[in-house]
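Below are the chains, spelled out letter by letter.
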Amino acid sequence: MIESLLVVNRGEIARRIIRTAKRLGVRAVAVHSEADAGLPFVTEADQAVCVGPANPAQSYRNVDAVLAAAKSTGVQAIHPGYGFLSENADFAQAVAASGLLWVGPGPDAITAMGDKINARNLMAAAGVPVAPGTTEPAADLAAAVNAAAEIGYPVMVKAAAGGGGMGMGIADDETALRTEYDKVRAFAERMFGDGSVLIERYFPRVRHVEVQILGLADGRVVALGERECSVQRRNQKLVEESPSPAVTSELRSRFLAAAVRAGEAVGYRNAGTVECLLDPTTGEFFFLEMNTRLQVEHPVTELVYGVDLVEEQLRVAAGLPPTFDPDTLTPRGHAIELRINAEDPKRFLPGPGAITTWTEPAGEGVRVDSGYVAGNTVTPFYDSLMAKLIVSGADRAEAISRARAAVAQFQLAGPKNNLPFFAELLDNPEFLSGDYDTGIVSRMR
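Residues numbered from 1 in each chain as written. Predicted model: local features only at pLDDT ≥ 70, side-chain atom pairs only at ≥ 80, totals over all residues. Heavy atoms only, no water.

Draft legend 1. Expanded view of the overall build of the chain. Within the chain, the regular secondary structure consists of 15 helices and 20 strands. Over its C-alpha atoms the chain spans a radius of gyration of 21 Å, differing by no more than 12% from the 22 Å that the globule rule assigns to 445 residues. With the C-alpha coordinates aligned to their principal axes, the bounding extent of the chain is approximately 60 × 50 × 45 Å. Of all 445 residues assigned to the chain, the portion counted as buried reaches 57%. Long-range pairs, those at least 24 residues apart, make up 65% of the contacts in the chain between residues at least 6 apart in sequence. In the structure as shown, the chain presents an accessible area of about 16800 Å², 50% of it carried by carbon and sulfur atoms. Where the 42 positive side-chain charges of the chain centre and where its 55 negative ones centre are 3 Å apart. (Helix = DSSP H or I, 4+ residues; strand = E, 2+ residues; numbered from the N terminus. Rg over C-alpha atoms; globule rule 2.2 N^0.38 Å. Buried < 20%, exposed > 50% of the residue type's maximum accessible area, 1.4 Å probe, protein only. Contact = heavy atoms within 4.5 Å. Areas by Shrake-Rupley, 256 points an atom, 1.4 Å probe, with all protein chains shown as cover. Lys, Arg positive; Asp, Glu negative; His and termini not counted. Charge placed at Lys NZ, Arg CZ, Asp CG, Glu CD.)

Draft legend 2. Just the pattern of salt bridges, in detail. One pass over the full model with this rule turns up 37 salt bridges. Taking the shortest distance from any N to any O, the salt bridge between Lys 116 and Glu 289 comes out at 3.0 Å. Of this pair, Lys 116 sits in helix 6 (residues 116-125) while Glu 289 sits in strand 13 (residues 285-291), and the two are 173 residues apart along the sequence. The exposure class assigned to Lys 116 is buried, which follows from its relative accessible area of 6%. By relative accessible area, which is 12% here, Glu 289 ends up buried. Here Glu 210 and Arg 227 are joined by a salt bridge, their closest N and O atoms 2.7 Å apart. Taken as a pair, Glu 210 in strand 9 (residues 207-215) and Arg 227 in strand 10 (residues 221-233) lie far apart in primary sequence, 17 residues in all. For Glu 210, a relative accessible area of 0% puts it in the buried group. One continuous salt-bridge network, built from bridges that share partners, spans Arg 16, Arg 19, Arg 23, Glu 302, Asp 308, Glu 311, Arg 367 and Asp 369. (Salt bridge = Lys/Arg side-chain N within 4 Å of Asp/Glu carboxyl O.)

Draft legend 3. Broad picture of the sheet that holds strand 12 (residues 270-278). Judged by pairing direction, the sheet is antiparallel, and its 8 strands sit side by side in the order 13-12-9-10-11-14-19-17 without closing on themselves. Of all the strands in the sheet, the pair left with one neighbour each is strand 13 and strand 17 (366-370). Ignoring which end each strand starts from, the neighbouring axes of this sheet average 25 degrees apart. In this sheet, strand 19 (residues 385-393) lies alongside strand 14 (residues 334-341) in antiparallel orientation, the contact comprising 8 bridges. (Pairing = 2+ DSSP bridges. Axes fitted to C-alpha atoms, helices over the stretch in contact; angles between N-to-C directions.)

Draft legend 4. Main features of the nonpolar core. Core analysis: the largest hydrophobic core is formed by 96 residues, its most contacted members being Ile 78, Val 231 and Ile 340. Here this core takes 6 residues from strand 19, the largest share from any one element. Setting aside residues no more than four positions away along its own chain, Ile 340 makes contact with Ser 384, Leu 385, Met 386, Ala 387, Leu 389, Phe 410, Leu 412, Asn 418, Leu 419 and Phe 422. Among the nonpolar cores identified, the runner-up in size contains 26 residues, and Val 211, Ile 213, Ala 258 and Val 274 belong to it. (Core = buried A, V, L, I, M, F, W, Y, C linked by side-chain atoms within 4.5 Å.)

Structure representation (structure tokens):
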């Protein structure tokens, strides 16, 4: 097993990785910005190194500072968590060039999946269903208009290099397309340094379902079930559950087989997620993108499958076999994750501030992955995620019941937070029925 690890992230995911590292006897070193010096992940690490000021570009995304921290602390491996440098192929290559182990997929896989158009084409060639759309960037507005006419409205205008729900627009007709094309292209150039735009068929009623894959050290790719991610605001997830209430046994078999083919097509190693759109009317699903990293919502898979995905990541990076038998892996029960964000529960606008009260719920089937404690301050420099409340039960009804109780028990004051939204959602008839889609939040608001 790896003996020492540099965690290049912050908040709840850094704390989560450190927890597994310590359980395994791996020396965990944290990097942090000046703004995060007082957060729990810094004090819980065996050693911590400040890599710069609050601005992520000068700290968590500062490759030179991160590699210098790795060298000065003598670590053996680097775990990037999610976000920041986690899907940066150049960074992964630099880590390997420095003689360190990279806890993630290889640079080639990251590059192949990082461009949505290239990813779509690779998946289509591998026999993975893809939605109707362009096979190369729409070079200009005229090309976008022609593509949309061929695909049929409505269409999704999407940044080829985007991710995390950013860089997307919906056009119901040519007039809207002209506006959205210019808007998405400008946003993509500003945010990603790449203005390439993809035009895809847009499905007004759709579910967002993803599959957790793990590329093993021996070359096999295995799938650890699916997660339902349709409770979203601004194309960004708020709630995830596993298994999906929309997926039958037959559909699950097709989902998992397609996800394995996707991983095999790029020689995938380590943890990743194949995200798909599911048409609940026809049962058709289409490849959306592959996230070449550990996913925020990985805990629901851990609870249903009884595995520690961070441990499995470390084992793959070290060339070791998994702790489980891929041929007998069996899901049990149901799990739901609620993302506790520092944001207004009505409009979901960021609401950072000092935390004056923080008491986490506990009990059977309740897990909290948090990045903060009372006395910390949620700053405006980073994502608004404060904690993940994960509950599990023998079935979906029991998981929902435990989620209700846990939300009521979670005492949080200071920053604005979305706990009231979750209390509302967990009593919403549409959510309770399991027959919901990505429009559920907008219908609640």
